Amino acid sequence: MPHQTPDPSLPAELQIAYLGGVLDHLPQGISVFDAELKLLYWNAHFLEVLDLPADAVHAGVPFEDLIMFPASRGEYGPGDPVEHVRARKALALRFEAHRFERTRPNGRTHLVSGEPLLIDGQLAGFITTYTDITDRKRMEEALQISHARLRSIIDNIPGGVTLFDDNLQLLACNDMLRRLLDFPDALFANGLPSLETLFRFNAERGEYGPGDPEIIVRDLLARARQRIPHIFERVRPDGTVLLIQGQALQDGSFVTVYTDITELRRAEERLNHLAHHDPLTGLANRLTLDEHMRMRVAEGTRDQRRFAVLFLDLDRFKTINDSLGHQMGDALLVMVGRRLHAAVRQTDLVARLGGDEFVVVLSAVEQEASIAHVAAKILTALSAPYVVNGEVLHAPPSIGISVFPDDAQDAVSLLRNADTAMYHAKAQGRANYQFYSEELNRSAMARLDLERKLRNAAAGGEFELWYQPQYRACDGQAIGVEALLRWRHPQDGLIPPDRFIPICEDNGMILDIGRWVMEKACAQLASWRNAGLAPLRMAINVSARQLRDTRIIDLLRAQIERHGIGPGELEFEVTESSVMERPDEAAFILGRIKALGVSLAIDDFGTGHSSLAYLKRFPLDRLKIDRSFVSDIEHDCNDAAIVSAAISLAHGLGLEVVAEGVESAVQWAQLKALGCDELQGYHFSRPLPAEQLEPLLRAALNLPAAGATPAGPQDPACP
Ligand SMILES: Nc1nc2c(ncn2[C@@H]2O[C@H](COP(=O)(O)O[C@H]3[C@@H](O)[C@H](n4cnc5c(=O)[nH]c(N)nc54)O[C@@H]3COP(=O)(O)O)[C@@H](O)[C@H]2O)c(=O)[nH]1
């Protein structure tokens, strides 16, 4: 807008003084030229802004003289300053209003604005204003930088961002938001949409679940207006999970960050599943079982409800796993898990504790009969043969049962008692189920105590090896000894092998103990041979577990070489049941033992379930008739008949017969009459430590002993 001069009715001096005073107080530099472009007015800032020498500036100075100063300083760019001045003057002479920014060499920027000066509507000159906008420019630049920085943060943030103002108008959002929420480009075609538009778009495509979109949008807008900070998760219709965090900013705007946490949630779910499930079978694991049982105990206590815990252990799993490999074992466990799951209700819990141990928690079972019914159902399901990789496998379970609150009132004790009952089921012949009882608990405790003591027995030198002689039936000539293990506990005294050997077989300790027995017995055999007590045969008891450990062959070979043991000097006694468990495997390992010159005897003959076909296949030398048939042979004609048949059978198979448990001369006579080859029993000698047995052996071998008269056992047939 053209400027007006002061009131023209005022005297000219006043007008000038007035103008000069006003101009000097303005923050801008001001210059006024007349219509001939001669300087009329200027203020102090004008000199400063253009850095003009004060003595060069006076009224009437032509425009071109003034601008020659900046031109010669190169402020209009390189080139001839006179040309610059001429070009500028030509422009000025057009008296057109103009506005531009100019940055001077000192770095300060001015907004230069020029306007024609009109007096009475007639062009009277030109007025130019120089406003120093350096600070404003710097602020604007700083603002631009910070805005760009903010933009770049928003664009690079690993989540979707929206920023909206008081009026719920979107101020900013990033590409990630559009991608995360699948917003089409059309939604942004006319710039940033309002929050309401976004809400409506989402509501209509079912993003917020079912419901009337109008109502949903109204609610959402009402909530947005409250501007309450929030953090929540939203599951989108496609299953992705968004974490949505909203926060009001100081300037009144509201920022919301959307983070895709789908993978995080899935990883959490996977971790949670892993933490609560057995990775092999997918069944619940111990942690879940503990939590479940604690809940059942709490519910049962509150509602006075019973529930049952079934502890299962597969009877032949270890053998299958050891002989057929872990892959087969694993496949079998998976099948067991499936069968178990199918045998119980959805509300019951099936868990695998590890190895071949499973637990089933039957909820809300009131009657013992119904618990037994489920146990029988599980037993039947798991006893059916499994076909794994073409192999038919049998792994029936032994099941122990404890009932809440009858047998225990807490989860740990319930599980322990079910475990105890399971051991009882195993002791009862396996493949059956047993309920827990207090008596069972006592025997389990005693067993635990014994097991604990056993762990120190070897290190404490508490084992001893005793020997019981064996005699030729016809003349009472000593022909060998059987090595029998003894455990002398410092407090409990002598503990019979029947009490601790089954435990050692269960927990695997028999492998180390059996090795010790073999080394000790072989050393004793060599020692007696060196002392002239020969020929003697050393019989060693070997359990099924030892036979499955192929290291037994190396151990045996080493002992034979070390002590120069000849063929037939060593004998292994194996029980019927141990070789009948896996007869093919047993036949193989027994063949290798036999090949080392070790003779073989079947122990406890008559107590197991021998298959004659297999007996024939084993490379045996002797049958040992169990003492239960011998103990009453003189009175029980059935026993006599059994012993007689066993002797005939053995002889028919080319085997010799040893009768054990001979306690009287009458039994000796009868056994001899039945054709028994060898005898062992208290009638001749109880098992004794080596040094106590030695004089007896000398006598039985008719060897002279220092200070002793040779005397063997009395032959009833040759009095
Ligand atoms: N795997 C291993 N088993 C072993 C070892 N040492 C012993 N055992 C087995 O422990 C069972 C019990 O043995 P033990 O208490 O030593 O009893 C033996 C004899 O004392 C007993 N016997 C012998 N004669 C008589 C008798 O006239 N009357 C009578 N009441 N008992 C008698 O018989 C046992 C010998 O039995 P067997 O071995 O079957 O010939 C026993 O099963 C041992 O095998 C070991 O080192 N390893």
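Naming follows an unreviewed UniProt entry, where the chain appears as Bifunctional diguanylate cyclase/phosphodiesterase of Thauera mechernichensis.

A. Seen up close, the site of the ligand. Not every one of the 24 residues close to the ligand is listed here, only the nearest: L485, P497, N541, G681 and Y682. Of all the secondary structure elements, the ones that give two or more residues to the shell around the ligand are β19 (478-489), α16 (497-507) and β23 (599-605). Its residues assigned to classes, the shell around the ligand shows 9 nonpolar, 6 polar and 9 charged.

B. Layout of the nonpolar core. Of all hydrophobic cores here, the largest spans 72 residues; its most connected members are A483 and V657. One finds L312, A351, I378 and L414 within the second-largest nonpolar core, a separate group that totals 47 residues.

C. Fine view of helix α8 (residues 213-226). Look at α8: 20 Å from first C-alpha to last across 14 residues, which is about the 20 Å you get at 1.5 Å a residue. Positioned one or two residues after α8, R227 has a phi angle of 55°, which is positive.

D. Structural detail: the sheet that holds strand β6 (residues 160-164). Across the sheet, which stays open at both edges, the 5 strands sit in the order β7-β6-β10-β9-β8 with antiparallel pairing between neighbours. At either margin of the open sheet sits one strand with a lone partner, and together these are β7 (170-173) and β8 (230-235). Averaged over all pairs of adjacent strands, the angle between strand axes in this sheet comes to 20°, irrespective of strand direction. Strand direction decides the pairing type here: β8 and strand β9 (residues 241-248), joined by 6 bridges, are antiparallel. Within the sheet, the bridge partner assigned to F232 lies in β9 and is I244.

E. Up close: the confidence of the model for the chain. Predicted confidence across the chain gives a mean pLDDT of 89, with 95% of residues reaching 70 or more. Within the model, the stretch residues 706-712 combines pLDDT values under 50 with 13 contacts to residues more than four positions away or in other chains. Throughout residues 714-719 the model reports pLDDT below 50, and contacts reaching past four residues in sequence, or to other chains, amount to 8 contacts. For this predicted complex, the interface confidence comes out at an ipTM of 0.95, alongside a pTM of 0.53.

F. Examining the packing of helix α17 (residues 510-530) against helix α19 (residues 551-563) more closely. Two numbers describe how α17 lies on α19: the axes approach to 10 Å, and their chain directions differ by 20°. On the basis of their axis angle, the class for α17 and α19 is roughly parallel. When you trace α17 past α19, the crossing you get is right-handed. Contact with α17, carried on its side by R515, M518, E519, C522, A523, L525 and A526, involves L555, Q559 and H563 of α19 and no other residues of that element. Tallied by class, the residues present in the contact of α17 with α19 amount to 6 nonpolar, 2 polar and 2 charged.

G. Molecular detail of the sheet that holds strand β12 (residues 349-354). Pairing is mixed in the open sheet, where 5 strands are placed in the order β12-β13-β11-β16-β17. Only two strands of the sheet have a single partner each, and these edge strands are β12 and β17 (433-435). When the angles between neighbouring strand axes are averaged without regard to direction, this sheet yields 20°. Sheet topology places β12 next to strand β13 (residues 357-362); 5 bridges connect them, and they run antiparallel. By the bridge assignment for β13, L349 is matched with V361. Across the face of the sheet, helix α10 (residues 286-303) comes into contact with β11 (307-314), β12, β13 and β16 (397-404) while running at roughly 135° to β12. With respect to the sheet, helix α14 (residues 411-427) is in contact with β11, β13, β16 and β17, its orientation differing from that of β16 by roughly 145°.

H. Up close: the environment of I215. Residue position: I215 is located in helix α8. I215 gets classed as exposed once you count the C-beta atoms within 10 Å, which come to 10.

The rules we used
Residues numbered from 1 in each chain as written. Predicted model: local features only at pLDDT ≥ 70, side-chain atom pairs only at ≥ 80, totals over all residues. Near = placed C-beta within 6 Å. Helix = DSSP H or I, 4+ residues; strand = E, 2+ residues; numbered from the N terminus. Nonpolar A, V, L, I, M, F, W, Y, C, P; charged D, E, K, R; others polar. Core = buried A, V, L, I, M, F, W, Y, C linked by C-beta atoms within 7 Å. Buried ≥ 20, exposed ≤ 12 C-beta atoms within 10 Å, placed from the backbone. Expected span 1.5 Å × (residues − 1). Pairing = 2+ DSSP bridges. Axes fitted to C-alpha atoms, helices over the stretch in contact; angles between N-to-C directions. pLDDT = per-residue confidence, 0-100. Contact = placed C-beta atoms within 7 Å. Parallel < 35°, antiparallel > 145°, perpendicular 65-115°, else oblique. Left-handed = near helix turned anticlockwise from the far one by under 90°.

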